[in-house]
Amino acid sequence: LIFYTAPELPPDTPRIQLRLAGDKRKHNEGRVEVFYDGEWGTVCDDDFSIHSAQVVCRELGYLEAVSWSPSSKYGKGEGRIWFDNVQCTGKEKTLALCMSNGIGVSDCKHTEDVGVVCSDKRIPGFKFINTMANNVESLNIQVEDVRIRAILSSYRKRVPVTEGYVEVKDGGKWKQICDAEWTKHNSRVICGMFGFPGERKMFARRRKPNYWDYSVNCTGNEAHLSSCKLGHAVAAKANSTCGGGTPVVVSCVPGRAFSPTPMTGFRKAFRQEQPLVRLRGGAIIGEGRVEVLKNGEWGTICDDNWSLLSATVVCRELGFGSAKEALSGGRLGQGMGPVHMNEVKCSGFEKSVTECFFNKESLGCSHEEDAAVTCNVPAMGFQERLRLSGGRNPYEGRVEALVERNGSLVWGTVCSDGWGTMEAMVVCRQLGLGFASNAFQETWYWPGEVSADPVVMSGVRCSGTEMSLSHCLHHGAHLTCPKGGGRNAAGVSCSETAPDLVLSPQVVEQTTYMEDRPMFMLQCAYEENCLSTTSSKTPANSYRRLLRFSSQIHNNGQSDFRPKAGRHSWVWHDCHRHYHSMEVFTHYDLLSLNGTKVAEGHKASFCLEDTDCEEGIEKRYECANFGEQGITVGCWDTYRHDIDCQWIDITDIKPGDYIFQVFINPNYEVPESDYSNNLMKCRCRYDGHRIWMYSCHNGGSLSTETEESFPGLLNNQVTHR
């Protein structure tokens, strides 16, 4: 390891200090701010380049620059604009040595403030205190690394590590911090960084510490230690006793889902802790679109003024740590229903984002502006217990699990009997690879490690929300896998994004009607099994009573919805005069109020295409002429009420109150980011002559109380397989 040495600068170099600042940012990105002549200012974006960004990032102790952004992307700064027309080669040791108009010479406005994104990795051994030790307190802390080190070695194997010494790595060495000026706000920030929502007081025995030279000064609202200010230099005594203090120790309180428990057998799938707020559409635990419950209905938050501070309140209330990112612009998919909050402004100490100030008047936000978060979650070590092997890239391969056998840990395969999308979803989440794009029941084309051929897990059944494959139901010590492992082992391919199909409840409500249609006009539909079985005994001149409606299916996700079946296996449907790429795309059913089926309903097959799209999005899929099939993000596929099979046959139904239900992608054939909204239910009243459809809503759009007053909704939840 080459240790960092502070650069030798020519004596006439202006002495500057840099920091990153601004809204909606991670700790390694932000508006570039310069401290010179006693005040902080900014840098103009004119002539700025990736080479200049490189110099900034290196000067801040990061390995390299990833990108830069003009036009005050991270908000407008204040004070002087210290540098304009900056031109660096990338080799300079400080921004002050790059060519520019001269320090303080600028004709820019703060709308032109430049921002940079630096790599997460820091320069080994970097010491960031150099030129300005007298101005230490206005600096943010930038150390190579931070950790919580368990006090007793026996606790170091516990997962997650919740308490121990706070240690920082500075100048290549791990050092403790003197607790003389340590506050609970500092502990709150450290715990949040490591994925824990709360902290408690704790003292430790002394040991021979190696103290860091500085104290730490956090407000408690920072998302990361690097956003805290440096306290003043601690006068290190020769005997390193830190003025009668001891090394700082923190004890963090994990959220309920991460409380240390013996990881034995099946554990309940992850349940959210706070019923007023939830995350949807995220690939990994602790990320998603933020949804809040108001007046019994779930809705989203508009991204105006959305900040890391507000995002951190969401993360902590859900049992995670502080926020890693505050995402805007519907980055994790668009929600449905109302936009409940806009211009949210939190102080950071609220128990819930629903307590934060927001603008009640502000209207006009669309779901394109839905706010989302990524939270810090505890290191549970789940990622190390699985691997994908044999694939062409890191996102695919045969699934291999690490399990204990006769006292030692061995790698082996997973039996592919019954292996499907839900199981693959858990694998991709556990490995941090996003969503599943496919689940494979044979993997002969991906030769894994031969030593890992034997099956070590069988009978795996997941609900799809588990954090680890070991939390899914599976056989214990007695494995059964007739096909064996090796070439028949389970495999997956993962993708960072996924589609999310949602049926429009309003369109169903607006288009429902009843039609009596003579049997001789239903010959094609009869052959396609779109009528009740009693129709086979019906003479050609009699009528069938049909409940007709339109299905408008939107793709609100982040990638196109594509059928699983290849073109060669699509089926020609004479009624509709085109090929259907999904034989079972939706289930249409009519249920009694206690959830039992009363009409046979049917499994509708579909040709998938873009009927219409949001403004600015082009249609990509069409059914005609054996065209490509799918639904583009931001588009919808409309099956109109007047085409064959877009109905339920209610000829044999008695008058009464019913529940009408549509379920999209019911076999989970195509992976989606959120299956909870694939179910759509309506109340339905039939008096023998007319039919009314009302209270139509998607699954998961109402609070549980409302669902409970809607009989049959809960006891008829769709079960996996």
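Residues numbered from 1 in each chain as written. Predicted model: local features only at pLDDT ≥ 70, side-chain atom pairs only at ≥ 80, totals over all residues. Heavy atoms only, no water.

Asks: Account for the overall build of the chain, with residues named and values stated.
Replies: The helix and strand tally for the chain stands at seven helices and 39 strands. Counting across all 721 residues of the chain, residues that qualify as buried make up 55%. Excluding contacts between residues fewer than 6 apart, the proportion of contacts in the chain whose partners are at least 24 apart in sequence is 72%. (Helix = DSSP H or I, 4+ residues; strand = E, 2+ residues; numbered from the N terminus. Buried < 20%, exposed > 50% of the residue type's maximum accessible area, 1.4 Å probe, protein only. Contact = heavy atoms within 4.5 Å.)

Asks: So, the side chain of Glu29: which residues are in play, and what are the values?
Replies: Position of Glu29 among the secondary structure elements: in strand E2 (residues 29-36). A polar contact is formed between the side chain of Glu29 and the side chain of Tyr74, at a distance of 2.6 Å. (Polar contact = N/O pair within 3.5 Å; in protein donor to acceptor, adjacent residues only side chain to side chain.)

Asks: Explain the pattern of salt bridges to me, using residue names and the numbers behind them.
Replies: Here the structure, examined in full by the defined rule, presents 23 salt bridges. Salt-bridge contacts for Arg398 lead to Asp453; the nearest nitrogen and oxygen are separated by 2.7 Å. With Arg398 in strand E21 (residues 396-405) and Asp453 in the loop between strand E23 (435-440) and strand E24 (455-457), this residue pair connects regions lying 55 residues apart in the sequence. Looking at Arg398, the relative accessible area reads 2%, which means it is buried. (Salt bridge = Lys/Arg side-chain N within 4 Å of Asp/Glu carboxyl O.)

Asks: Now, about the nonpolar core: what can you tell me, with residues and values included?
Replies: Residues Phe585, Leu590 and Phe660 are the most contacted members of the largest nonpolar core, which totals 34 residues. Broken down by secondary-structure element, the contributors of at least two residues to this core are strand E26 (501-503), strand E32 (582-591), strand E33 (597-606), strand E37 (656-664), strand E38 (679-686) and strand E39 (691-698). Not counting the four nearest positions on each side in its chain, Phe585 is found in contact with Leu501, Ile553, Phe561, Ala604, Ser605, Phe606, Leu608, Phe663, Ile664, Asn665 and Pro666. (Core = buried A, V, L, I, M, F, W, Y, C linked by side-chain atoms within 4.5 Å.)

Asks: Explain the pairing of strand E3 (residues 39-43) to me, using residue names and the numbers behind them.
Replies: Within E3, four of the five residues are buried, which leaves the element mostly enclosed by the surrounding structure. Direction of pairing for E2 relative to E3: antiparallel, over a ladder of four bridges. Residue Glu33 lies in a different strand from E3, and its bridge partner there is Thr42. Turn length for the E2-E3 hairpin, with the two strands adjacent in sequence and antiparallel, is two residues, and the turn residue Asp37 shows positive phi of about 55°. Judged from the two bridges that link them, E3 and strand E5 (residues 81-83) form a sheet pairing that is parallel. Residue pairing in the sheet places Thr42 in a bridge with Ile81 of E5. (Pairing = 2+ DSSP bridges.)

Asks: I'd like a rundown of the sheet that holds E33, residues and numbers included.
Replies: Adjacent strands of a sheet pair through backbone hydrogen bonds, lying either parallel or antiparallel. Read across the sheet, five strands follow the order E33-E32-E37-E38-E39 without closing on themselves; strand pairing throughout is antiparallel. Each edge of the open sheet is held by one strand with a lone partner, namely E33 and E39. Put simply, the sheet's adjacent strands are angled 20° from each other on average, direction ignored. (Axes fitted to C-alpha atoms, helices over the stretch in contact; angles between N-to-C directions.)

Asks: Quick one: what's the story with the state of the cysteines, residue by residue and with numbers?
Replies: Tallied over the entire structure, the rule returns 15 disulfides. One disulfide bridge connects Cys191 with Cys252, the sulfur atoms lying 2.1 Å from each other. Here Cys191 and Cys252 share a disulfide; its torsion about the S-S bond, -80°, makes the bridge left-handed. With Cys191 in helix H2 (residues 184-193) and Cys252 in strand E13 (residues 249-253), the pair connects residues that are 61 residues apart, well separated along the chain. On the accessibility criterion, Cys191 (0% relative accessible area) is buried. Owing to a relative accessible area of 0%, Cys252 belongs among the buried residues under this scheme. Between the sulfur atoms of Cys346 and its disulfide partner Cys356 the distance amounts to 2.1 Å. Here the disulfide of Cys346 and Cys356 is right-handed, its torsion about the S-S bond being about 105°. Residue Cys346 is located in the loop between strand E18 (339-341) and strand E19 (372-375), and its partner Cys356 is located in the loop between E18 and E19; the two are separated by 10 residues in the primary sequence. Summarising the burial analysis for this pair, Cys346 and Cys356 share the class buried. (Disulfide = S-S within 2.5 Å.)

Asks: Mind laying out the environment of Arg15, listing which residues take part and the relevant values?
Replies: The topology assignment puts Arg15 in the segment before strand E1 (17-21). Its relative accessible area of 38% is what places Arg15 among the partly exposed residues. Put simply, Arg15 and Ala96 are 81 residues apart on the chain and 7.6 Å apart in space, counted from C-alpha to C-alpha.

Asks: Please set out the packing of aromatic side chains residue by residue, giving values where relevant.
Replies: A complete count under the given rule lists 13 aromatic pairs for this structure. Through a chain of ring-to-ring contacts, the aromatic side chains of Phe440, Trp444, Tyr445 and Trp446 assemble into a single cluster. Lying over the aromatic face of Trp174, Arg147 brings its terminal NZ or CZ to 3.9 Å of the ring centre. (Phe/Tyr/Trp six-rings, centres within 6.5 Å; stacked < 30°, edge-to-face > 60°. Lys NZ or Arg CZ within 6 Å of the ring centre and 35° of its normal.)

Asks: Give a description of the sheet that holds strand E36 (residues 647-649) that names residues and reports values.
Replies: What the three strands build is an open sheet, ordered E27-E28-E36; its pairing is antiparallel. Of all the strands in the sheet, just strand E27 (513-518) and E36 have a single pairing partner and so form its edges. Averaged over all adjacent pairs, the angle separating strand axes in this sheet is 35°, with direction ignored. Relative to strand E28 (residues 543-548), E27 runs antiparallel, the two sharing six bridges. Following the sheet pairing, Arg517 is matched in E28 by Arg544.

Asks: Any details on the UniProt feature "domain: SRCR" (unreviewed entry) in the chain? Residues and values, ideally.
Replies: The residues that UniProt annotates with the feature "domain: SRCR" (unreviewed entry) are residues 282-319. Annotation note: span residues 282-319, helix share 26%, strand share 34%, distance between end C-alpha atoms 16 Å. (UniProt positions renumbered as here; feature names shortened; annotations may be inferred.)

Asks: How would you summarise helix H3 (residues 308-317) if you had to cite specific residues and measurements?
Replies: Within H3, nine of the 10 residues are buried, which leaves the element mostly enclosed by the surrounding structure. Buried-residue contacts for H3 involve H2, strand E14 (277-280), strand E15 (287-294), strand E17 (323-327) and E19. In the stretch just after H3, Gly319 is the one whose phi turns positive, near 90°.

Asks: With reference to specific residues and values, describe the environment of Arg405.
Replies: As for its position among the elements, Arg405 is in strand E21. Residue classification places Arg405 among the partly exposed positions, given a relative accessible area of 32%. C-alpha of Arg405 to C-alpha of Ala477: the two residues are 72 residues apart in sequence and 9.5 Å apart in space. Not counting chain neighbours up to four residues away, the residues in contact with Arg405 comprise Val410, Val456 and Leu479. Within the structure, the side chain of Arg405 is placed 3.1 Å from the backbone oxygen of Val456, a separation counted as a polar contact.

Asks: Any chance you could break down the pairing of strand E16 (residues 297-301) for me, citing the residues and the numbers?
Replies: Consecutive side chains of a regular strand alternate in pointing toward one face of the sheet and then the other. In terms of residue burial, E16 counts as a mostly covered element, since four of its five residues are buried. Here four bridges tie E15 to E16, and the two strands are oriented antiparallel to one another. Residue pairing across strands places Lys294 opposite Glu297, the latter belonging to E16. Connecting E15 to the antiparallel partner E16 that follows it, the hairpin turn spans two residues, and Asn295 within it adopts a positive phi of roughly 50°. Of the strand pairs in this sheet, E16 and E18 are connected by two bridges, and their pairing is parallel.

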